[in-house]
Amino acid sequence: MPSFSLAVVVLAFLGRSHSLSYHACDSAMGKVHSMYIPGCEVGDVCYISKGLTKPIHIRFTPNTKTQQVVTVVHVKVGWASIPVRLTHPTSCFLIPPLPLKRASPYEYVFNMSIENSAPSFTGKIKWELKNEMGAGLACVEFLGGIR
């Protein structure tokens, strides 16, 4: 009988979904429900290799109607907070698409393309979604880096 109980515990553990540890730094204009980066299901740090493209998924609900979503990213390494220049900060995939309706859930997907010339680092990444007026819709912070 003890082996049956152990098997149930092991199966329950294996069936649990794991995800990268993150902190939702929500604003009054929205609420984050979840964040997911494929390949970063386990652990406290999400590393992305140079030359790869990896999507970030953020599920959130805005508290306001919005016509445009702008992505703003900062990396904190040591004491310095460094803005990350995105080639197309407004090109993301939203389910359902724009415009965003107040109090409706959305899934934001942005494909992070890491150039081969990008510097290697490990730090705290702050990923913000802002509306056309610059107000925060959603925000997550997580440990990440480039290898």
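Residues numbered from 1 in each chain as written. Predicted model: local features only at pLDDT ≥ 70, side-chain atom pairs only at ≥ 80, totals over all residues. Heavy atoms only, no water.

(A) Region of interest: the overall build of the protein. Counting secondary structure elements, the protein contains one helix and ten strands. Reading the helices (α) and strands (β) of the protein from amino to carboxyl end gives α-β-β-β-β-β-β-β-β-β-β. Taken over 147 residues, the protein has a buried fraction of 33%. Taken as a whole, the protein presents about 8900 Å² of accessible surface, with 60% of it coming from carbon and sulfur. (Helix = DSSP H or I, 4+ residues; strand = E, 2+ residues; numbered from the N terminus. Buried < 20%, exposed > 50% of the residue type's maximum accessible area, 1.4 Å probe, protein only. Areas by Shrake-Rupley, 256 points an atom, 1.4 Å probe, with all protein chains shown as cover.)

(B) Seen up close, unusual backbone geometry. The amide bond that connects Ile-95 to the next residue, Pro-96, takes the cis arrangement and shows omega of -15 degrees. Inspection of the secondary structure puts Pro-96 in the loop between strand S7 (93-95) and strand S8 (106-113). The amide bond that connects Leu-98 to the next residue, Pro-99, takes the cis arrangement and shows omega of -5 degrees. Tracing the chain through its elements places Pro-99 in the loop between S7 and S8. At Ala-103, a position not held by glycine, the phi torsion is positive, near 65 degrees. Looking at the secondary structure, you find Ala-103 in the loop between S7 and S8.

(C) View of the nonpolar core. Judged by nonpolar contacts, the single largest core of 30 residues is most densely connected at Ile-37, Ile-56, Phe-60, Tyr-108, Trp-127 and Phe-142. Ranked by the residues each element gives to this core, the list is headed by strand S10 (residues 136-146), at five residues. For Ile-56, the contacting residues outside a window of four places in its chain are Met-35, Tyr-36, Ile-37, Tyr-108, Val-109, Phe-110, Met-112, Trp-127 and Phe-142. (Core = buried A, V, L, I, M, F, W, Y, C linked by side-chain atoms within 4.5 Å. Contact = heavy atoms within 4.5 Å.)

(D) Structural context of the sheet that holds S7. The strand order S2-S4-S8-S7 describes an open sheet built from four strands, whose pairing is antiparallel. Across the chains shown, the open sheet's two edge strands, defined by having one partner strand only, are strand S2 (30-36) and S7. Across the sheet, the mean angle separating the axes of adjacent strands is 25 degrees when strand polarity is ignored. Taken together, the three bridges between S7 and S8 define a ladder with antiparallel strand orientation. (Pairing = 2+ DSSP bridges. Axes fitted to C-alpha atoms, helices over the stretch in contact; angles between N-to-C directions.)

(E) Inspection of the pattern of salt bridges at higher detail. Per the counting criterion, the structure on display carries one salt bridge. Among the salt bridges present, the one from Arg-59 reaches Glu-107, with a minimum N-O distance of 3.4 Å. With Arg-59 in strand S4 (residues 53-62) and Glu-107 in strand S8, this residue pair connects regions lying 48 residues apart in the sequence. (Salt bridge = Lys/Arg side-chain N within 4 Å of Asp/Glu carboxyl O.)

(F) The arrangement of the layout of surface pockets in detail. For the largest pocket, the calculated volume is near 730 Å³. Val-84, Arg-85, Leu-86, Ser-113 and Ile-114 are, among the 29 residues lining the largest pocket, the residues nearest its centre. Within the residue set of the lining of the largest pocket, elements represented by two or more residues are strand S3 (45-48), strand S5 (70-77), strand S6 (80-84), S8, strand S9 (121-130) and S10. Classifying every residue of the lining of the largest pocket gives 19 nonpolar, eight polar and two charged. (1 Å grid on protein atoms, 1.4 Å probe; cavity = no way out; pocket = protein on both sides within 12 Å on 5 of 7 lines; lining within 4 Å. Points joined across faces, edges and corners; volume = space filled by probe spheres on them. Nonpolar A, V, L, I, M, F, W, Y, C, P; charged D, E, K, R; others polar.)

(G) Structural detail: the state of the cysteines. With the rule as written, the count across this model stands at two disulfides. Between the sulfur atoms of Cys-40 and its disulfide partner Cys-46 the distance amounts to 1.9 Å. Disulfide Cys-40 to Cys-46: torsion about the S-S bond roughly 55 degrees, handedness right-handed. Across the pair, Cys-46 and Cys-40 agree in class, each one buried. When the bonded cysteines of the protein are numbered from the N-terminus onward, they pair as 1-4, 2-3. (Disulfide = S-S within 2.5 Å.)

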